[in-house]
Each structure stands twice: as C-alpha cells, then as structure tokens.
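# Coordinate analysis (summary)
Spelled out from the first residue to the last, the chains are:
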Number of protein chains: 2
Amino acid sequence: MAQKPSIPKGTRDFGPAEMAGRNYIFDTIRSVFKTYGYAPIETPSMENLSTLLGKYGEEGDKLLFRILNSGDAFSRIPYDDYRIEGTEDSYNSKALSLKVCEKGLRYDLTVPFARFVVQHQNEISFPFKRFQIQPVWRADRPQKGRYREFYQCDVDVIGSTSQLNELELVQIVDRVFTLFDVNVCIKINDRKVLTGMAEICGFPEKVVDITVAIDKIDKIGIEAVEAEMAEKGLTPEAIEVIRPILTLSGTTQEKLSVMRGLMSGNSVSGISSETGLKGLDELEELFGFIDSVGIRHDVEIDLSLARGLNYYTGAIFEVKAKDFAIGSICGGGRYDNLTGIFGLPNMSGVGISFGADRIYDVLKGLDKFPSEVTSTTRLLFANMGSDELKYLLPVVRTLREAGVACEIYPEQTKLKKQFDYADKKSIPFLSIVGGDEVERGVINIKNLSSGQQESFSKDDVNGILNFLQ
Amino acid sequence: MAQKPSIPKGTRDFGPAEMAGRNYIFDTIRSVFKTYGYAPIETPSMENLSTLLGKYGEEGDKLLFRILNSGDAFSRIPYDDYRIEGTEDSYNSKALSLKVCEKGLRYDLTVPFARFVVQHQNEISFPFKRFQIQPVWRADRPQKGRYREFYQCDVDVIGSTSQLNELELVQIVDRVFTLFDVNVCIKINDRKVLTGMAEICGFPEKVVDITVAIDKIDKIGIEAVEAEMAEKGLTPEAIEVIRPILTLSGTTQEKLSVMRGLMSGNSVSGISSETGLKGLDELEELFGFIDSVGIRHDVEIDLSLARGLNYYTGAIFEVKAKDFAIGSICGGGRYDNLTGIFGLPNMSGVGISFGADRIYDVLKGLDKFPSEVTSTTRLLFANMGSDELKYLLPVVRTLREAGVACEIYPEQTKLKKQFDYADKKSIPFLSIVGGDEVERGVINIKNLSSGQQESFSKDDVNGILNFLQ
C-alpha cells in the first residue's frame, strides 16, 4: 500500500514559510485594491470549454487543461471514425477530447471576467470595478519560474472610458510597490500611437511587424531594428519616418511634443494620423493627472512597449523592478471590446495584473519581506505538566483573544525538545511556568533573541502584551 | 461569435456582496487559527490520481474529476480491447479513463495534507499545526446546498497524542462562533467508547452496525433502534447491555461514571473493555481541560455521534447551530494512522473542518453579518470636471493611504447617475466638490443615511477620518 508520494510536474506545495510571504503579497495588493473601491469576485475553476476555446489562439487551446466528463464518458463513441487515415493506432485527439470533455480549467482571469460581466450584466452597476485573485492553469512545459498552476491578481474596471481609471491603476502600482519598498519603473504606451506610427509611415497593415521590431530595440540596437523592418517589407522612406521615434528622448512633454508633430503630418511622409493624435491626447491627459497627484516611482512613456497588441486598444502598461533582474512584474492595458465575444458589445475596460510569483522572487531576492511575516507564533508556553497547564489555560486564552498567536507545547516532554520546537518555528518568546510560578501567581516570559526576561502577575495582560510587542 | 455564456452545473460565481460575506467568514476563522499557532499551507489543485484513488471508497473514486493528459492523449490506445464483450459501442470507461488521465482534482484537504506531511517530513517540525482553506471538487449530482466546487477550511495537528490538541480545537470552535455571534452546541464522542460498547455486548465485529443504529435515535426513537440492532443480528442480551447507554442522561460527569461502570464489566454481560475505558479516560481528560479553561457554548458528550467511523480512532466532534435548522456546520476527529497509506506509520493527528457554505447560510439566515461587511467603498467623490479633479486627487490619495476605501466617479456626467452609483454600491458617504469649494479650499461630505453634512479644510485629514467613522 505504501507509495512514494509526489505531485504533478509544474505544480507546487506551499509550506508555512512560503505561505507567509505569499499572503503578505496578496494581502498588501488586496488592501490597496480595496482603498480604490475595487471589490472582489470569484469565478469557478472550471468553465465550459465553449467559453474558453478560441480565446487564446490555437496555441492557447492546446494549453487548456480539459476535464473528463463524469460517468460513462467513453461509451457510444465510434472510435474507428476518429482513426487518422492510413494509420493503425493514431487517433484525432483534438476531436476525441471534445467528445469526452465539456469543461476546462480557467486559463486566465480575463475571459472568465468577461463571461461574468455578460452573464450578470443586470445585477452589476457600471462602471464595475472588480479585482480577482485566483489560480489559473496552463499545460505549458514546466521550467524555472513557469508553473502549470499559478495565481493571477487582476484588477479591472469596465464600463468607463475615462483616463481617471488609467491614473488609478498607475496609483495602485505606485502604492503597492511603495508598501513593498521596491523601486520600480512604470512604462506606459498607447496602442493608438502604435497604430498612428504605422499609418504615418504608409504601412498601416504592418503595425504588428513594426512594433515587434521596435520592441527589440534595447536588445538588438537601432540598426538591427531597421534591418528587421526592411525585411518585413518597409521601404527606406517608411523607415525614415520611424527613425525619429526610435531615438526619441527627453521629458514626457518633449516626447509628446515631437510625436504630436509627426502625427500631425510633419514627418517626411507628410501623412497625418487621427488615431495617433487621439492616442497622444489620451497620454497627455493621463500624464496631466499623474503630475497633479504625484507618483513616487518613475513613470515614463515607452513607445517600444507593445505587449498584448492583439487585444489592447488604448493604454498599455508594464512595470519593472529597478534593482532586480527579472521580467515584467505587472502589466495591463485598455481593451475596448472585451465582452463582445460573449454578446455584449461596446464595453470598454482597463486593467492590470500583478505577477505574484515574480514579486515573491523580487521581495525574497532584495530581502524585503518584513520580519514579522516569517514568524507565525509569537509566544510558546512550555508544557510542565497538568497542574501548570490548568493554571496557564485561562491566561493563554486571554492572550489569544487579544490577538496574540501563542501555543502551549502539547506534550509534557524534555525541555530541550520543546526549545527546539520554538527554534525551528522561529518563535520569538518563550514562557516556562513551573510549580513555583503557579504558587506565586506569575508568568515568566523570555525574549529569545535579546535574552531579556520578565515576570508578570498572571492577570497583568497589558504588561504581557507590551513585552511581546 | 456571440454565445450566451453560462457556467458548469454545480459551480458558482461569487459577486462582490457574496465575496464580502465569504471573506468575513474565512478571515474570522483564519485569524482564530493563527492565534492558536496554526500556520497555513496550500497544495496543488491537481494531484496524481495514484494519490487520490482508493482513498474515498469506490463511490469516491467515481466522484473524482479527472484531467485529460495534455498533448496527444488518445493515440496508441487499442480501443477494441476496451470494448465490453457482446456490445457494439459500450466501452470500459473506468479503464480507458486511467489510460488518458493521470491527474485529478483534489476531493478533500485531508488526503493532500497526508501526502504533504509524508513528502515534506524532513522539512516539517512536529507536532505540525496547519490550516488549509482551499476549494475541493466532487462530481456529485448538484442539488440545493451541494456543489461540485466548494471551499473546505481544515485545521489539523499531526504528531501529538495529547488531549490538549482536542481542547484547542474545541476552543477554536468556541471562539469562532462567539465572534460570529451564533449559538452552537459542540458534541463530542470517542471512537474507542463506540468500540467498547460493541465489545461489552459481545459483538465487537458489529461496531458499525451498532453505532449506525444508535445514530438514528433522535429520528426514530429507542424502540426502532433496538429493532434495527436485532435485525443486524444482536441478541436480546446484547441489546440489554446497550439499553442503559441509549437512555443515558445527566451531566458529563454522570454520563462518564455510568459508562465507566459498564466498561468495567458491570453490565449484564459482565464483559469489560480496555479500549472503552481508554476512550473514557480521554474524554475525562478533555472535559477536565474544558472545565478549567471555560467554554462559552454548550459542550456535551454524545455517545450516538458516529461520523467518520471508518477513519477516526479517538475523539469525534460535531457542531450544530442551535437557532437555525441546518445539518452539522463543523466536524472532525482524531485519526491514528493518517499518513500510513503514504508510507509514514504511527502519526496521530486530530483536526476539524468548518463548513463555509453552511456557515454562510446560518449567518445570512440569522442576519449576523456585520453591516460594515456589506459595503466596500466608504466615500464617493462626485466628478464635477477636470479642475475639481486636480484639486481632489491629492486629498483622495491621502485618504486612501490612511486606509479609507474611496472612489471618484470616473466620468463627468449627470449627478443623478453618480448618486445612483453610490446608492447601488451602498456607499455611505458622498462628497460634491465644485468650483466654490475649490476656491475656499474645503471638502464637503454628506452622510447619506443620517443626512448630516460637514465641511472640512482640505488638509484636515483627521477631521475627515473622524466624520467617516
């Protein structure tokens, strides 16, 4: 019967120490979301496959975890019809899986959110500000830092086009990383400006090729970016239009001003772009708000930022840690038609997602977890026998009801073993109450790191609480 | 492309109002667990099927949600070998599902906990006190109050046989329902006493039959219970031994004393039971602790309590609400060999599980959710245009950093619409700051339920905070 137990590859157990760090991250983010009036929702882990399929591209469909129908899933299926012609034992797994699986595990929180909004549109008051912190599942090949089950922390508002929403998301990022004491840079772009760039160089249909190339500028340099654009079919004249954008520098106002000139038809092509100008208006309004409210971290326009190009239609956000090398730790943007796929058109939304796993690595790497986070129990009472126990129990109860996490070692055993327990659990205070203390009606408590020891009357709860601070 | 979206049967969406209630329950339970020194863990949603199969009986195996292997799951399978003899299109679904599914969704938190303890035994310091609040999945037929995805809140200690652990669990229940302001009755039994009952009546092998019959006493009465025992093969003499137990009444001490007599050989059979006496010793020690610490709710010995008979080996717990008709809202017990199935024998543990869905129904039914729980945002600032916005933004930021949940309505639109939004979200305070207030440097705030209105200097954060209390 004995088996060596293990867990599926790409999944993880979280013990008390990791949980403490993770909960610190989730609690901090959650508390900030709440002060901005965002309310939590949760959706089921399983969605109908019809809700999920086709929303993440062909590759995404393959990465969905599918759930076998319960009951007699495999009967009444004409397997021979699914055999791939000319083979003996190759079958069409894609088609067969649709026959035996109707449900899948959610792949992200965005599609379930869109489904939720459409399904509950009559109960929701718009603009609807929601956050959602739940795991998602992807059948990706597991590798360092990439898991098959991981949490997403999404915050979105839907039903409002105001740039105030974009501002609030920037403020939320600013506040969260201020609380984490991590230096970040918040990069902002606008999809409409990217569209405008493609328009003024005369290749509106090549917006993806152009931005994918520009996105690599930090890695490969300007010349290589220009070469890639030429390879994708851009003429030398078109590349000349884009060149000033590649070398754009200066303050936000200076960047916006140069871009406004180009989008107004002042580039060598002479083409102007309404859409590009609208994107610049949005950025200008957003940065106006940012200036008036004050943001602690760096916020900059980054015209090479091109994430989520397939669905974002306005602002695009990305956050990077400045003192720790890891990819983006937070990102998002505005999407004008998120719920259209479920039959509710013209709902504009904007949101960001915090990458909890990467933030965990950053806080750990920079040693930024507060020390209280790592210890769970504050005070251990040694177990000296049943008389002492009966003396202690009401005191311990009072301390617990005052919010102090404390334990009585459950077994009456060697003190060495009890000390070891305190040590392994990083419990900072220890109390040994024996017959003498019981007789005198006192409680001795020792601070295990400073060595300081004090004695309190067993009714002096405030004195004990102060000592445990 | 438009589809009418829905979710799989037996699953639920939770909107902001339900989430607020649910989080209140989870946060309360979690905070109590922590004061008792229990630390959180989380395990993956998916376990290997080899971990889960055979742990919940044959019925349980059928209720596991299985996850299709990713990739080409259906090729290289000789389907003809799985056809049920004599049929054309009936296949052995059980065997086929094992070929194409290696993983399943967890069915409870106990088996994953046992697997966790064995897998991480070298990192854990015992006694190991853990709690775990995560969803579980069961392919049960959905019905009122029974879902295919629901949360369990388990708290267990493993690696200690002390009755102090049982006491702590009783205290945790006592504290949680005191905080919820719900009257409960905590019923306690001991599996060893049930074993003893079967032994002293001369039918040790019929312990399950006997306790299943006794369990029905409230519903069907003494005579029917005796008839059922006779039907199961108990002799009239055996039933005579059990009769005094069926009519047992009085204080805990009186009950224990009668039982001690019976277990010592003073019944009509003259048979004594070591195991039964050991169970009584445990109960006596536990109730001794309970007396010395003081429990606010009713705690009673209930010898007809027989839940989880297949795995509990010591204490058995059940909690019922006294003022609301619903089944057990909390239950658990001690199991002496939980981790044996995974190769780690002789680990005794005791734990309880809180039924979050039922507790939600009780709190809702008794109207016990605190009023703060239902509102998320405290203060709404009306949107009167961009000049007012720039004036407000720094004030709003300060309030949020002081922990006040506030919102600015994102669009500059009719005030009626903005008021409706506050109303629908049950926001209790409203501020309308127009050009006049900007000029005077003040913030007006109105308490929407009392009608009281006050004006504050925009820098008077403490004044505003006090008013919002």
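A short tour of the structure in this document, coming up.

About the cut-offs
Residues numbered from 1 in each chain as written. Chains lettered and ligands numbered in written order. Predicted model: local features only at pLDDT ≥ 70, side-chain atom pairs only at ≥ 80, totals over all residues. Heavy atoms only, no water. Buried < 20%, exposed > 50% of the residue type's maximum accessible area, 1.4 Å probe, protein only. Helix = DSSP H or I, 4+ residues; strand = E, 2+ residues; numbered from the N terminus. Pairing = 2+ DSSP bridges. Least-squares fit on C-alpha atoms with pLDDT ≥ 70 in both. Contact = heavy atoms within 4.5 Å. Buried area = accessible area lost by both parts, 1.4 Å probe. Salt bridge = Lys/Arg side-chain N within 4 Å of Asp/Glu carboxyl O. Polar contact = N/O pair within 3.5 Å; in protein donor to acceptor, adjacent residues only side chain to side chain. Nonpolar A, V, L, I, M, F, W, Y, C, P; charged D, E, K, R; others polar. Lys, Arg positive; Asp, Glu negative; His and termini not counted. Core = buried A, V, L, I, M, F, W, Y, C linked by side-chain atoms within 4.5 Å. Axes fitted to C-alpha atoms, helices over the stretch in contact; angles between N-to-C directions. Phe/Tyr/Trp six-rings, centres within 6.5 Å; stacked < 30°, edge-to-face > 60°. Lys NZ or Arg CZ within 6 Å of the ring centre and 35° of its normal. Arc of directions from axis to C-beta.

Let us now look at the pairing of strand E9 (residues 315-321) of chain A. Residues and elements named next belong to chain A. Among the seven residues of E9, six are classified as buried, and the element is accordingly described as predominantly covered. When strand E7 (residues 184-190) meets E9, the two strands line up antiparallel, connected through seven bridges. Considered in E9, the bridge of isoleucine 188 is made with phenylalanine 317. When E9 meets strand E10 (residues 330-335), the two strands line up antiparallel, connected through four bridges. Looking across to E10, one finds that valine 319 is bridged to cysteine 330.

Between the two copies, chain B and chain A, the superposition gives an RMSD of 0.1 Å; the rotation angle is 180° and the shift along the axis is 0.0 Å. Such a combination of turn and shift is consistent with a two-fold rotation axis. Within chain B, isoleucine 67 of chain B has its C-alpha nearest the rotation axis, a separation of 2.3 Å. By residue overlap, the copies meet face to face through one surface: 100% of the interface positions of chain B are interface positions in chain A.

Right, let's talk about the interface of chain B and chain A for a bit. Contacts between the two partners involve 113 residues from chain B, matched on the other side by 113 residues from chain A. In this assembly, chain B packs against chain A so that about 9600 Å² is buried in total across both faces, 57% of it on carbon and sulfur atoms. It is Glu42, Phe74 and Arg397 of chain B in chain B that bury the most area against chain A; as a group they hold 7% of the surface buried on that side. For the pair chain B and chain A, the interface holds 12 salt bridges. Between lysine 129 of chain B and glutamate 407 of chain A there is a salt bridge; the shortest N-O distance is 3.5 Å. Taken together, the connections running from chain B to chain A amount to 49 residue pairs in polar contact (both at pLDDT 80 or more). Along the lines of polarity and charge, the residues of the side of chain B that touches chain A split into 51 nonpolar, 35 polar and 27 charged.

All names here are of chain A. Note on placement: proline 236 falls in helix H10 (residues 236-246). With relative accessibility at 57%, the residue proline 236 sits in the exposed group. Proline 236 sits 10 residues away from glutamate 226 along the chain, and the two C-alpha atoms are 9.0 Å apart.

Our focus in this paragraph is the side chain of glutamate 437 of chain A. Residue and element names in this part refer to chain A. With respect to the helices, strands and loops of the structure, glutamate 437 is situated in helix H17 (residues 435-440). We note that glutamate 437 is buried and unpaired, the nearest opposite charge coming from arginine 440 at a distance of 4.6 Å. With residues near it in sequence (within four places) discarded, glutamate 437 still touches Tyr391, Ile432, Val442 and Asn444.

The subject of this paragraph is the nonpolar core. One finds Phe177 and Phe354 of chain A together with Phe177 and Phe354 of chain B to be the most contacted residues of the largest nonpolar core, which totals 275 residues. Ignoring sequence-local partners within four residues, the contact set of phenylalanine 177 of chain B consists of Val182, Val184, His297, Val319, Ile329, Phe354 and Ile359 of chain B. Core analysis: the next-biggest nonpolar cluster, separate from the first, contains 12 residues, Phe65, Ile67 and Trp137 of chain A together with Phe65 of chain B among them.

With that settled, the discussion passes to the sheet that holds strand E6 (residues 149-158) of chain A. All names here are of chain A. Spatially, the eight strands line up as an open sheet ordered E1-E5-E6-E11-E10-E9-E7-E8, and their pairing is mixed. The two strands at the open ends of the sheet, each matched to only one other strand, are strand E1 (39-40) and strand E8 (298-301). Examined bridge by bridge, E10 and strand E11 (residues 349-354) share six bridges and lie antiparallel to one another. In the sheet register, arginine 334 faces E11, and the bridge partner there is valine 350. Contacts from helix H6 (residues 163-179) reach strand E5 (128-137), E6, E7, E8, E9, E10 and E11 within the one sheet, and its direction differs from that of E11 by about 15°. Helix H12 (residues 274-293) contacts E7, E8 and E9 of the sheet and is inclined by roughly 150° relative to E7.

In this section: the packing of aromatic side chains. Inspection of every chain in the model, using the stated rule, returns 34 aromatic pairs over all chains. Relative to tyrosine 79 of chain B, the ring of tyrosine 91 of chain A has its centre 4.5 Å away and its plane inclined at 75°; by these criteria the two rings are edge-to-face. A residue pair is termed interchain when its members come from two chains, as with tyrosine 91 of chain A in the loop between strand E3 (66-68) and helix H4 (93-100) and tyrosine 79 of chain B in the loop between strand E3 (66-68) and helix H4 (93-100). Each member of the aromatic cluster is reached from another via a ring pair, and the members are Tyr24, Phe33, Phe131, Phe177, Phe180, Phe354, Tyr360 and Phe369 of chain A. Here the basic side chain of arginine 22 of chain A rests over the ring of phenylalanine 14 of chain A, its NZ or CZ set 3.8 Å away from the ring centre.

Another aspect to go through is the packing of helix H8 (residues 207-214) of chain A against helix H9 (residues 217-231) of chain A. Residue and element names in this part refer to chain A. Remark: H8 packs on H9, axes separated minimally by 8 Å, with the N-to-C direction vectors making an angle of 145°. Residues Ile210, Val212, Ala213 and Ile214 of H8 touch H9, and the partners they reach there are Ile217, Val225, Glu228 and Met229. For the contact of H8 with H9, a count of residues per class yields seven nonpolar, no polar and one charged.

Residues and elements named next belong to chain A. The omega angle of the peptide bond from phenylalanine 126 to proline 127 is -5°, so this bond is cis rather than trans. Looking at the secondary structure, you find proline 127 in the loop between helix H5 (110-119) and E5. The backbone phi angle of arginine 76 is positive, close to 60°, even though this residue is not glycine. Counting through the fold element by element, arginine 76 comes out in the loop between E3 and H4. Of note, the phi angle at aspartate 367 is positive, near 55°, even though the residue is not glycine. In this structure, aspartate 367 sits in the loop between helix H13 (356-365) and helix H14 (371-374).

Pairing between the strands of a sheet is mediated by backbone hydrogen bonds and can be parallel or antiparallel. Strand order in this open sheet of eight strands is E1-E5-E6-E11-E10-E9-E7-E8 (chain B), and the pairing throughout is mixed. Each having just a single partner strand, strand E1 (39-40) and strand E8 (298-301) of chain B make up the two edges of the open sheet.

Turning our eyes to something else, we now look at helix H16 (residues 415-424) of chain A. All names here are of chain A. Those residues of H16 lying buried are Gln418, Tyr421 and Ala422. The buried residues of H16 occupy one face: seen down the axis, they fall within an arc of 95°. Turned more than 90 degrees away from the buried face of H16 sit Lys416, Asp423 and Lys424, all of them exposed.

Opposite charge on two side chains permits them to pair, given that their charged atoms come into close proximity. In total, this model carries 60 salt bridges over all chains according to the counting rule given. One salt bridge connects aspartate 80 of chain B with arginine 83 of chain B, and the closest N-O pair in it is separated by 3.3 Å. Salt bridges linked by common partners bring Lys129 and Glu168 of chain A together with Arg400, Glu407 and Lys425 of chain B together as one network.

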